[in-house]
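Inside the fold
Here's the letter readout for the chains.
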Amino acid sequence: MDRALNYLALARKAGYAELGEEPVGAITRTGKGYLVVVASDASDHTWRRAKSFVSGTNQQCIRVKFTKEELGFVIGRTSLAIAAITDAPMALAMVKALGEPEKYKDALAALEEKSQKLKKRQSEAKAHQKNVRMGKKK
């Protein structure tokens, strides 16, 4: 199985994926859909809807080389035309695994930036927690 498909399956199992048009639309309206993935054989209507979900935001939308059946298979459905990944590092890993950096350079750049900001926030929060604990011991 393709590594990119494995990341979609992992995202679903970890609770970092929204599957289908309505859930994807809902999560992108909240700004939490870091990456919207559309199957290669999804209808033009679905592709336009996916792009409209993320327009005006910094969320990324890509059309992948996999068919609806291939996307559906990895998540335990008969088919899947559209999905959203709600975890920035997972979305970045999936785009990197697609192996076409030139085709997805905009998405890669945006997701890389989001992942870096997230890592920085997490390390700052960890440092803050450590400082709070150290303060209590005095």
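**Brief notes about the overall build of the chain**
On a plain count of helices and strands, the chain comes out with six helices and four strands. Counted from the first residue to the last, the chain has its helices and strands arranged as α-β-α-β-α-β-α-β-α-α. Projecting the C-alpha coordinates of the chain onto the three principal axes gives extents of approximately 65 × 30 × 30 Å. By the burial criterion, 43% of the 138 residues in the chain qualify as buried. Considering only intrachain contacts with a sequence separation of at least 6, the fraction spanning at least 24 residues in the chain is 75%. Accessible area for the chain stands at about 8100 Å²; split by element, carbon and sulfur atoms hold 51% of it.

**What to know about the packing of helix H1 (residues 3-14) against helix H5 (residues 88-98)**
Helix packing geometry: the angle between the two helix axes and the distance between the axes. Running from N to C, H1 and H5 point in directions that differ by 160°, and their axes come no closer than 7 Å. Taken together, the axes of H1 and H5 lie roughly antiparallel to each other. Pair H1 / H5 crosses with left-handed handedness. Facing H1, whose interface residues are Arg3, Ala4, Tyr7, Leu8, Leu10 and Ala11, H5 presents Met90, Ala93, Met94, Ala97 and Leu98. Across the contact of H1 with H5, the residue classes tally to 10 nonpolar, no polar and one charged.

What counts as what
Residues numbered from 1 in each chain as written. Predicted model: local features only at pLDDT ≥ 70, side-chain atom pairs only at ≥ 80, totals over all residues. Heavy atoms only, no water. Helix = DSSP H or I, 4+ residues; strand = E, 2+ residues; numbered from the N terminus. Buried < 20%, exposed > 50% of the residue type's maximum accessible area, 1.4 Å probe, protein only. Contact = heavy atoms within 4.5 Å. Areas by Shrake-Rupley, 256 points an atom, 1.4 Å probe, with all protein chains shown as cover. Axes fitted to C-alpha atoms, helices over the stretch in contact; angles between N-to-C directions. Parallel < 35°, antiparallel > 145°, perpendicular 65-115°, else oblique. Left-handed = near helix turned anticlockwise from the far one by under 90°. Nonpolar A, V, L, I, M, F, W, Y, C, P; charged D, E, K, R; others polar.

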